[in-house]
Amino acid sequence: MPSPPSSLCSRYYSSRLLSQQNTISQHQIHVSFSFCDELVDCLKSELTGNFEKVVVGLMMPGPVYDAYELRNAIKGAGTEEACLIDILASRTNSEIKEIIATYKREHGKNLEDDVCGDTSGMFQRVLVSLLSAGRDESSKVDEAQAVQDAKDIYEAGEARWGTDEVKFLTVLCVRNRNHLLRVFQEYQKISGRDIEDSIKREMSGSLEDAFLAIVKCLKNKPAFFAERLYKSMKGLGTTDSVLIRIMVARAEIDMLDIKAEFLKMYGKTLHSFIKGDTSGDYRKILLELCGGEK
């Protein structure tokens, strides 16, 4: 097997090759290098910091990258709950199943066991429910059930002292998207509030973040990622882990839609935000992933 040519270890070549989304996919790059592990080792030896994290991430097919990110979020001291939420709340049933299988193959561990070992309480139950990949993915809307679901959520939260989070979980983690959009409309009529506002009033911490992510992804997934990118860069400092994870994972999926939502929501382009908040090779490769200014 030939060794990776030294040019592959150059910063310029890595940036140009791995971020040209219109001409070659990340998966094609991964498959085309049968010496991929050797190539990754070469890249790691030559690159550093956030630029290295982007390049290494681009070498992985989607499920492998998701499993890699989840493993890094769980292992070691503390847990990066935001990573667990970002990935598990936004993936389809089939994507979740593939991530679970990949996690087992790549890391020799059971993802649900690792999640349960690092989380607790209702937040853990929400993550386990998402990992079960049991959401109805049909498009059927049961009008009577939608009204009942809205009433159940209202009575579990706004209409009582304390919150019955199990009822939120039962509805939000199981019903299909079209049905839940109807539930949200009915909830607005019953409570006079948007479901997101009620979640913010009734919950806190990681559980609030998880339920909000589920609702936002159901309403408009690109807008959810646009908001996450904006919050990763606004103010002092940059949450690079979030910025990198979303830019790498969504580059070939819905980046154009994310860019459009970003502009609509914040009146500035994602390209301009990245350009103003990053520097060097790290900036160059993120801008390649982002695409043009428009």
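Conventions used here
- Residues numbered from 1 in each chain as written.
- Predicted model: local features only at pLDDT ≥ 70, side-chain atom pairs only at ≥ 80, totals over all residues.
- Heavy atoms only, no water.
- Helix = DSSP H or I, 4+ residues; strand = E, 2+ residues; numbered from the N terminus.
- Buried < 20%, exposed > 50% of the residue type's maximum accessible area, 1.4 Å probe, protein only.
- Contact = heavy atoms within 4.5 Å.
- Areas by Shrake-Rupley, 256 points an atom, 1.4 Å probe, with all protein chains shown as cover.
- 1 Å grid on protein atoms, 1.4 Å probe; cavity = no way out; pocket = protein on both sides within 12 Å on 5 of 7 lines; lining within 4 Å.
- Points joined across faces, edges and corners; volume = space filled by probe spheres on them.

A. Just the overall build of the chain, in detail. Along its length, the chain carries 18 helices and 0 strands. When each of the 294 residues of the chain is scored for burial, the buried share is 49%. For the chain, restricting intrachain contacts to residue pairs at least 6 apart in sequence, the fraction spanning at least 24 positions comes to 70%. Accessible area of the chain: about 13,900 Å², with a carbon and sulfur share of 48%.

B. Seen up close, empty space enclosed by the protein. Applying the stated rule across the entire model yields 2 cavities of 30 Å³ or more. Looking at the second largest cavity, its volume works out to about 30 Å³. Lining of the second largest cavity is provided by Asp86, Ile87, Arg91, Phe225, Arg245, Ile246, Ala249 and Arg250. Those elements that place two or more of their residues in the lining of the second largest cavity are helix H6 (81–88) and helix H15 (240–250).

C. Representation of H15 in the model. Taken across its 11 residues, H15 has 9 buried, putting it largely inside the fold. Taken as a whole, H15 has its buried residues at Val242, Leu243, Ile244, Arg245, Ile246, Met247, Val248, Ala249 and Arg250.

All quantities given are derived from atomic positions and should not be read as evidence of function.
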